[in-house]
Amino acid sequence: MNDRGDGAVTDLDSTAQADSESQPVIRTMTRDEWLAHVDELCAEEGYFEPIGKRHHAYFHDAGPILLVSFESLSRILARRGQMPFGHDVAVANGWSHLTLICEGETWFRDPEVFGYFDRLVDDAFFEDFDKVTFLGAGDCGYAACAYSVCAPGSTVLAISPRATLDPAQAVWDRRHTKARSKDFTSRYGYAPDMTEGASQVHVIFDPLTPENAMHAALFRRPWVRHLPVRHFGDSVETAIEMTGVLPELLKAAMDDTLTEASFARIWRIRRRFLPYLKGLLRKVELAQRHRLALMICRSVTVRIGSQRFRRRMIELESLLRGPAQIEQQDEHSPS
């Protein structure tokens, strides 16, 4: 459980790993096996090719709507099913799918990647599609924003994106120390500027994580829509995956129907997401806010029927010398 004092109260990556370990063991592919497997998948409808030494491009041609995503190979190999984030959504909707894959913390800041996107532009690749949406999280969210400039009129769904690691503009972000030496000032460099041709940029982030909130604040243009999610820290991508809301989010982004109101409706699923609720309760109890903890336990018990929260509710009622007269309406719950 993560409680760093920055508002992040869940360690969803660890939860996801624990959940995967509780599932039946399924043989996973090694790096080389996976590369060969995807190459075979793309043999008929698309391509799979290296881009320099540390990047790959995976393209599946399925129709006039294109999802462009960015991801690290290590995260793909660790995921159940071992396919890129958003791949299953693209297949289910009959979308074409282009995934840029990095090996290591490259931030996609390599001349070979610049050249690859230059070739796509020169070949009018993006003009063949009626709709293009870019997707990425963290450093891959940075890349999704930065390379969206290649497809004017596109939509971007960026989860906890970084605007830049250039020390002149982001000296306050002490994370990713190895990557700070990369050049973020040349081509495709400053992500907020590269979104100028986009029709809409959706930035999903935790405003209680100071660095992520400051990066999000650098995306301040009229076409940017900020969609805050509290208490998830850097685990927003994992939460979206674990709650199963990615298909709905991507479909809304593709259809240009993703708004603050529709996102709030979609994200209400967190009220039934036990890793989040457990972390929220832990944070409140660490702050010794027993009555607020009791409110949370009562709300979760009524809505979900969790025995764990019911037991803690009884303990808190005893601690407070009897049931507190607390409203149990859902809207009063901090979850």
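Please read all numbers here as calculations on a predicted model, not as lab measurements. (Residues numbered from 1 in each chain as written. Predicted model: local features only at pLDDT ≥ 70, side-chain atom pairs only at ≥ 80, totals over all residues. Heavy atoms only, no water.)

Peer 1: Which parts of the structure should I look at to understand the side chain of Arg180?
Peer 2: Looking at the secondary structure, you find Arg180 in the loop between helix H7 (167-170) and helix H8 (191-194). Within the local environment of Arg180, its side chain forms a polar contact with the backbone oxygen of Asp173, the two atoms lying 2.9 Å apart. What Arg180 contacts, discounting residues up to four positions off in sequence, is Leu165, Pro167, Ala170, Val171, Asp173, Arg174 and Arg175. (Helix = DSSP H or I, 4+ residues; strand = E, 2+ residues; numbered from the N terminus. Polar contact = N/O pair within 3.5 Å; in protein donor to acceptor, adjacent residues only side chain to side chain. Contact = heavy atoms within 4.5 Å.)

Peer 1: Explain the nonpolar core to me, please; I cannot follow it from the model alone.
Peer 2: Within soluble globular proteins, side chains that are nonpolar generally end up buried alongside one another. Core analysis: the biggest nonpolar cluster contains 48 residues, and Phe70, Phe117, Phe126 and Tyr147 have the highest contact counts within it. Contact partners of Phe70, with chain neighbours within four places excluded, come to Leu100, Phe108, Phe117, Phe134, Leu135, Gly136, Cys140, Ala143, Ala144 and Tyr147. Residues Leu67, Ala90, Leu281 and Ala293 belong to the second largest nonpolar core, which totals 43 residues. (Core = buried A, V, L, I, M, F, W, Y, C linked by side-chain atoms within 4.5 Å. Buried < 20%, exposed > 50% of the residue type's maximum accessible area, 1.4 Å probe, protein only.)

Peer 1: Is there a simple way to think about the sheet that holds strand E8 (residues 224-228) in this case?
Peer 2: Working definition: the strands of a sheet are paired by backbone hydrogen bonds and lie parallel or antiparallel to each other. With mixed pairing, the eight strands of this open sheet are ordered in space as E1-E2-E4-E3-E5-E6-E7-E8. If you trace the sheet from one side to the other, it starts and ends with strand E1 (46-51) and E8, each paired once. Strand-to-strand twist in this sheet, taken as the mean axis angle between neighbours without regard to direction, amounts to 15 degrees. Judged from the five bridges that link them, strand E7 (residues 200-205) and E8 form a sheet pairing that is parallel. The partner of Val203 across the bridge, within E8, is His226. Sitting on the sheet, helix H10 (residues 236-243) is in contact with strand E3 (65-72), strand E5 (131-137), strand E6 (155-159) and E7, with an inclination near 105 degrees to E6. (Pairing = 2+ DSSP bridges. Axes fitted to C-alpha atoms, helices over the stretch in contact; angles between N-to-C directions.)

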